[in-house]
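Working through the structure, step by step
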Amino acid sequence: MTCLTGTSYTLMLNGRLQGSFEGRKGLRQGDPISPLLFVLVMEYLTRLLKLVSHQREFRFHPMCKHLQLVNLCFADDLILFCKGNIISVQILFEGFFNFCQCSGLVANLNKSQLFFGGVAAKVTNIILSSVALGEGSFPLKYLGVSLRPTRCVIQEIDRLCRNFLWGSKNNRSKFHCSSWSQVCLPKALGGLGFKQSSIWNKVLLAKFIWALSSKQDVLWVKWIDEIYLKGQYFWSYHLKPNVSWYWRKLCYLREIFSEVELVDSSVNGRLNLKVMFSSMLQRDPVGFAKAMWCSLIVPKHRFILWQSVLDHLLPRDNLIQCQLAVISQLCQETHMHLFFDCVFSQQAWELLKIWLGPGIWPNQFDDWKKWLEGKPKNILHCISVASFPAAVYSIWCNRNYCIFSHYSFTPHHLVSMIKMSLKARLHGRLSQKVLNKNCSLAEFVRKL
């Protein structure tokens, strides 16, 4: 018998062997077992630090002595706590360096810092010289982001989302009619499903209130209970002046949320953020949302249809109302004129009715919402509904070609493009199994 002493791996690409490489011991980033091993190693570090903290000379951090908290780990980042004296720092670092020797892991001293609070300058200098680390400053930063975010951060997030949606020029969003509050409504309430950062931030903070009021078995809740609540009920707690800014912010949220609202938004003992977010909006659902966001509709067609139904496109009448200059005023261009009264649009609609049948769509712009609120009868009816946004999108694009490029498609060519886009969407969304079960549907798709 022989002992296996080494392995090699050969790559096969496009049916050909493309060389080999030897296997070696060790873990690499992305290995499925890496997180488990990391947790095991950090557990050893935690136990080692707790062991050295039992020494008589060691003193805990004043805010952590009740829980005997020495360290916190997040991913590959580590925070150590102790009282600001030389002996405690030395004991803590001795335990940490013992861990480094046992595990082979080494801290990056260039990225490590010491933070002091209420420590004399003379003691600070002695500690810094003894451990050879730099002094950090508040507020703390993680991954380059301040851990004490301001309102400017929330506004910047909204600005980036607006620029992503509408496009930007000179660091400003391009002109549009839809308000940001309308865009940030859920789709069922007539919006696009974006999250307004100011409201969503409060909803996320409600998770902390829920954890505190339900006394969840997590470390930070225990810490809050030991330092601030001291066994008191969160909703009856009296806020003191000498508390941290973050705890003060959490307590102020009691003016926004009530205990009853949190209980109503919980499911099986867990806070449902979606329900909480919807309760803060206080809007009724719109009937046309289900048809508008049907999966058979191409996403860019949905977006144009959403703007047109809300009268938020930018034909000439909306531009004039916004006191913007228009290229020409040969005709009073409104949504009604653009999609129904225009000769080109009428010819396109007639060709679509020959294809799909007469009377399937309303002939008035004001009736669009009511028609979209109707319940689909079958899959073919859903396809007819999907072809309507495609027609609206194509007519709008042709209008822009006429104004900006001085070029127009023929109505027959426009309808053929609508059929091609609809055919591609149906082949992408409908499985062959569905087509085999529905012969009329398969025949309809084949004729596109």
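The structure contained in this document is the topic of the report that follows. Fair warning: this is a prediction, and the values are worked out from it, not measured in the lab.

**Remarks on the overall build of the protein**
Helix and strand counts for the protein come out as 20 helices and 12 strands. Looking at the 448 residues of the protein, the share that counts as buried comes to 35%. Contacts in the protein between residues far apart in sequence, at least 24 positions, make up 54% of those at least 6 positions apart. Of the roughly 28,800 Å² of accessible surface on the protein, a fraction of 56% belongs to carbon and sulfur atoms.

**Some words on the layout of surface pockets**
If you add up the space inside the second largest pocket, you get close to 1,100 Å³. Taken together, the elements giving at least two residues each to the lining of the second largest pocket come down to α4 (151-166), α6 (197-213), α8 (245-252) and β12 (270-271). At 11 residues, α6 tops the list of elements feeding residues into the lining of the second largest pocket. Residue composition of the lining of the second largest pocket, by class: 18 nonpolar, 6 polar and 8 charged.

**Section: helix α18 (residues 411-429)**
Compared with the 27 Å implied by 1.5 Å per residue over 19 residues, the 27 Å span of α18 between its first and last C-alpha is a close match. Every buried residue of α18 is accounted for by Pro411, Leu414, Val415, Ile418, Leu422, Arg425 and Leu426. Taken around the axis of α18, the buried residues stretch over an arc of 105°, which confines them to a single face. Facing away from the buried side of α18 by over 90 degrees, the exposed positions are His412, Met420, Ala424 and Gly428.

**Considering the pattern of salt bridges**
Per the stated rule, a full pass over the model turns up 4 salt bridges. Taking the shortest distance from any N to any O, the salt bridge between arginine 47 and glutamate 43 comes out at 2.9 Å. Pair noted here: arginine 47 and glutamate 43 are both in helix α1 (residues 34-53), with a separation of 4 residues, about one helical turn. Residues aspartate 217 and lysine 222 are paired through a salt bridge, measuring 3.0 Å at the closest nitrogen-oxygen approach.

**Here's the deal with the packing of aromatic side chains**
Counting across every chain of the model gives 20 aromatic pairs. Here the aromatic rings of tryptophan 166 and phenylalanine 303 are separated by 5.7 Å at their centres, their planes lie at 45°, and the arrangement is tilted. Highlighted residues: tryptophan 166 in helix α4 and phenylalanine 303 in helix α12 (residues 299-309), separated in sequence by 137 residues. Plain terms: the ring middles of phenylalanine 303 and tryptophan 306 are 6.2 Å apart, the flat faces sit at 15° to each other, and that makes the pair stacked. In this pair, phenylalanine 303 and tryptophan 306 both sit in helix α12, 3 residues apart, roughly one turn of the helix. Judged by relative accessible area, which is 0%, tryptophan 306 ranks as buried. In textbook terms, an aromatic cluster arises when at least three aromatic residues are bridged by ring pairs, as seen for Trp223, Tyr228, Phe234, Trp235, Tyr237 and Trp247.

**Some remarks on the pairing of strand β1 (residues 8-13)**
Judged by how many residues are buried, β1 sits mostly at the surface: 0 of 6 residues are covered. Inspection of the sheet shows β1 paired to strand β2 (residues 16-22) by 5 bridges, in the antiparallel sense. Residue pairing in the sheet places leucine 13 in a bridge with arginine 16 of β2. What sits between the antiparallel neighbours β1 and β2 is a turn of 2 residues, in which asparagine 14 has the positive phi angle 55°.

**What to know about the side chain of asparagine 398**
In this fold, asparagine 398 is placed in helix α17 (residues 379-405). Setting aside its immediate chain neighbours within four residues, asparagine 398 contacts Phe344, Tyr407, Ser408, Phe409 and Leu414.

**Notes on the environment of glutamate 22**
Following the sequence through the fold, glutamate 22 ends up in strand β2. Take glutamate 22: its relative accessible area is 61%, and that puts it in the exposed class. Apart from residues lying up to four places away in sequence, glutamate 22 is in contact with Thr7 and Ser8.

**Considerations on the nonpolar core**
Grouped together as the largest cluster of nonpolar side chains are 39 residues, with contacts concentrated most on Met292, Leu305, Trp306, Phe339, Trp349, Trp368 and Leu372. With 8 residues, α17 is the single largest residue contributor to this core. For tryptophan 368, the residues in contact, after removing those within four places along its chain, are Leu305, Ser308, Val309, Phe339, Phe340, Pro362, Phe388 and Val392. The next biggest cluster of nonpolar side chains, apart from the first, holds 29 residues, and it includes Ala206, Leu271, Leu273 and Leu281.

**Comments concerning the packing of helix α15 (residues 343-356) against α18**
Two elements in contact, α15 and α18, have axes whose closest approach is 9 Å; the angle formed by their N-to-C orientations is 50°. In terms of axis orientation, α15 runs oblique to α18. As α15 packs across α18, the resulting crossing turns out to be right-handed. Facing Phe344, Gln347, Ala348, Leu351, Leu352 and Trp355 of α15, the residues of α18 in contact are Pro411, His412, Leu414, Val415, Ile418, Lys419 and Leu422.

**A short note on the pairing of strand β4 (residues 77-80)**
In the case of a regular strand, side chains alternate between the two sheet surfaces. Bridge analysis of strand β3 (residues 71-74) against β4 gives 4 bridges, and the strand direction is antiparallel. If you follow asparagine 71 over to β4, its bridge partner there is leucine 80. Between β3 and β4, which pair antiparallel one after the other, the connecting turn spans 2 residues, and alanine 75 there sits at a positive phi close to 55°.

**Brief notes about a nonpolar patch on the surface**
A contiguous nonpolar patch, built from Tyr9, Leu11, Leu13 and Phe21 and spanning about 410 Å² of accessible area, is present on the exposed surface. Among the elements that take part in the nonpolar patch, β1 stands out by supplying 3 residues, more than any other. Assignment of secondary structure puts phenylalanine 21 in strand β2.

**Quick word on the packing of α1 against helix α2 (residues 86-103)**
Viewed as axis vectors pointing N to C, α1 and α2 meet at an angle of 145°, and their least axial separation amounts to 9 Å. As for how α1 packs across α2, the hand of that crossing is right-handed. Where α1 abuts α2, its residues Val41, Met42, Tyr44, Leu45, Leu48, Leu49 and Val52 lie against Ile91, Leu92, Gly95, Phe96, Asn98, Phe99 and Cys102. Class assignment of the residues belonging to the contact of α1 with α2 gives a composition of 12 nonpolar, 2 polar and no charged.

Rules used in this analysis
- Residues numbered from 1 in each chain as written.
- Predicted model: local features only at pLDDT ≥ 70, side-chain atom pairs only at ≥ 80, totals over all residues.
- Heavy atoms only, no water.
- Helix = DSSP H or I, 4+ residues; strand = E, 2+ residues; numbered from the N terminus.
- Buried < 20%, exposed > 50% of the residue type's maximum accessible area, 1.4 Å probe, protein only.
- Contact = heavy atoms within 4.5 Å.
- Areas by Shrake-Rupley, 256 points an atom, 1.4 Å probe, with all protein chains shown as cover.
- 1 Å grid on protein atoms, 1.4 Å probe; cavity = no way out; pocket = protein on both sides within 12 Å on 5 of 7 lines; lining within 4 Å.
- Points joined across faces, edges and corners; volume = space filled by probe spheres on them.
- Nonpolar A, V, L, I, M, F, W, Y, C, P; charged D, E, K, R; others polar.
- Expected span 1.5 Å × (residues − 1).
- Arc of directions from axis to C-beta.
- Salt bridge = Lys/Arg side-chain N within 4 Å of Asp/Glu carboxyl O.
- Phe/Tyr/Trp six-rings, centres within 6.5 Å; stacked < 30°, edge-to-face > 60°.
- Pairing = 2+ DSSP bridges.
- Core = buried A, V, L, I, M, F, W, Y, C linked by side-chain atoms within 4.5 Å.
- Axes fitted to C-alpha atoms, helices over the stretch in contact; angles between N-to-C directions.
- Parallel < 35°, antiparallel > 145°, perpendicular 65-115°, else oblique.
- Left-handed = near helix turned anticlockwise from the far one by under 90°.
- Patch = residues over 30% accessible without salt bridge, like charges linked within 9 Å, V, L, I, M, F, W, Y side chains within 5 Å.

The values are spatial; any link to function lies outside them.
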